[in-house]
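Next come the chains, spelled out residue by residue.
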Amino acid sequence: APEWGTGGEKNTPSFDTKANASQTISNGTNTKVIFGQENIDTDGCFANSRFTPTTAGYYQFNGSTAGTAKNGYIAIWLRKNGSEDYYMVDSSNHNGSYMEQGTVVIYLNGSGDYVELYINMANGRTLSYNGNNAGTRFSGYRIIT
């Protein structure tokens with residue numbers, strides 16, 4: 001006869017956050033994106049625009065930036081532990097679009113690894129804040145393997 005366990009695993013810790021104010025990005029400068037409104041933070045692992053999970057595993061992260069249309073190069077990426085970069089969008093010929101978004105999967109050890117979202121672009125830009133539908137967002141969750 002089959003036996004059933006006490007239940008499945010959860011995709012936690014997980015978080016979803018968005019900008020709560022406009023942010024000016026200078027031309028050609030690596031800039032940490034600031035997120036001031038948490039919608040979800042299941043395990044209290046998101047603070048100061050940084051996600052530091054306490055459970056080891058592979059995590060899927062989604063990031064998006066939105067603001068004034070610009071032409072030229074643009075990159076958004078996750079920076080792990082302040083130095084290791086995982087690119088989500090890296091375009092040398094970006095033409096005017098208002099929003100960029102990308103996804104990446106990386107391993108975090110659950111005992112100090114952290115990630116933050118960064119942006120660099122030609123000609124500078126102001127990341128916009130438009131209330132409940134902010135296009136500048138950052139989210140992630142542990143993948144059950």
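First things first, this report covers the structure right here in the doc. What you are looking at is a predicted structure, and each value in this text was computed from that prediction instead of being measured. (Residues numbered from 1 in each chain as written. Predicted model: local features only at pLDDT ≥ 70, side-chain atom pairs only at ≥ 80, totals over all residues. Heavy atoms only, no water.)

## Some details on the overall build of the protein
Secondary structure assignment for the protein yields zero helices and 13 strands. From first element to last, N terminus to C terminus, the protein shows the α and β order β-β-β-β-β-β-β-β-β-β-β-β-β. With the C-alpha coordinates of the protein rotated into their principal frame, the extents come out at 65 × 30 × 30 Å. Of all intrachain contacts in the protein linking residues separated by at least 6 positions in sequence, the fraction that spans at least 24 positions is 76%. For the protein, the exposed area adds up to about 7,400 Å²; of that, 44% sits on carbon and sulfur atoms. A gap of 7 Å separates the mean positions of the 10 positive and 12 negative side-chain charges of the protein. (Helix = DSSP H or I, 4+ residues; strand = E, 2+ residues; numbered from the N terminus. Contact = heavy atoms within 4.5 Å. Areas by Shrake-Rupley, 256 points an atom, 1.4 Å probe, with all protein chains shown as cover. Lys, Arg positive; Asp, Glu negative; His and termini not counted. Charge placed at Lys NZ, Arg CZ, Asp CG, Glu CD.)

## What to know about unusual backbone geometry
For the bond from Thr12 to Pro13, the omega torsion is 5°, close enough to zero to count as cis. Position of Pro13 among the secondary structure elements: in the segment before strand E1 (14-18). At Ser49, a position not held by glycine, the phi torsion is positive, near 65°. Overall, the relative accessible area of 3% leaves Ser49 in the buried class. (Buried < 20%, exposed > 50% of the residue type's maximum accessible area, 1.4 Å probe, protein only.)

## Overview of a nonpolar patch on the surface
Taken together, the side chains of Tyr58, Val105 and Tyr107 define a hydrophobic patch exposed on the protein surface, amounting to about 290 Å² of accessible area. Relative to the helices and strands, Tyr107 resides in strand E10 (residues 99-108). For Tyr107, a relative accessible area of 38% gives the class partly exposed. (Patch = residues over 30% accessible without salt bridge, like charges linked within 9 Å, V, L, I, M, F, W, Y side chains within 5 Å. Salt bridge = Lys/Arg side-chain N within 4 Å of Asp/Glu carboxyl O.)

## Let's talk about the packing of aromatic side chains
By the definition in use, this model includes 13 aromatic pairs. Taking the centre distance of 5.6 Å and the plane angle of 40° together, the rings of Phe35 and Phe138 count as tilted. Within this pair, whereas Phe35 is found in the loop between strand E3 (31-32) and strand E4 (37-41), its partner Phe138 is found in strand E13 (residues 137-142), the two being separated by 103 residues in sequence. Judged by relative accessible area, which is 5%, Phe35 ranks as buried. Here the aromatic rings of Phe51 and Phe61 are separated by 5.9 Å at their centres, their planes lie at 70°, and the arrangement is edge-to-face. With Phe51 in strand E6 (residues 50-51) and Phe61 in strand E7 (residues 57-66), this residue pair connects regions lying ten residues apart in the sequence. (Phe/Tyr/Trp six-rings, centres within 6.5 Å; stacked < 30°, edge-to-face > 60°.)

## Describing the side chain of Arg125
Along the chain, Arg125 falls in strand E12 (residues 125-127). Among the polar contacts listed, one links the side chain of Arg125 to the backbone oxygen of Gly67, at a separation of 3.3 Å. Here the side chain of Arg125 touches Glu100 through a polar contact of 2.8 Å, side chain to side chain. (Polar contact = N/O pair within 3.5 Å; in protein donor to acceptor, adjacent residues only side chain to side chain.)

## Focus: the pattern of salt bridges
One pass over the full model with this rule turns up six salt bridges. Residue Asp113 pairs with Lys80 through a salt bridge whose shortest N-O separation is 3.7 Å. Residue Asp113 is found in the loop between E10 and strand E11 (115-121), and its partner Lys80 is found in strand E8 (residues 71-80); the two are separated by 33 residues along the sequence. Both residues of the pair, Asp113 and Lys80, count as buried. Salt bridges sharing partners connect three or more residues here, namely Lys32, Arg50 and Glu116.

## Digging into the pairing of E8
Burial of E8 is extensive: seven of the ten residues sit out of reach of the surface. Of the pairings in the sheet, the one linking E8 to strand E9 (residues 84-95) comprises nine bridges and is antiparallel in character. Across the sheet, residue Ala75 finds its bridge partner in E9, namely Asp90. Where E8 meets E11, seven bridges bridge the pair, whose relative direction is antiparallel. Bridge pairing in E11 links Ala75 to Asn120. (Pairing = 2+ DSSP bridges.)

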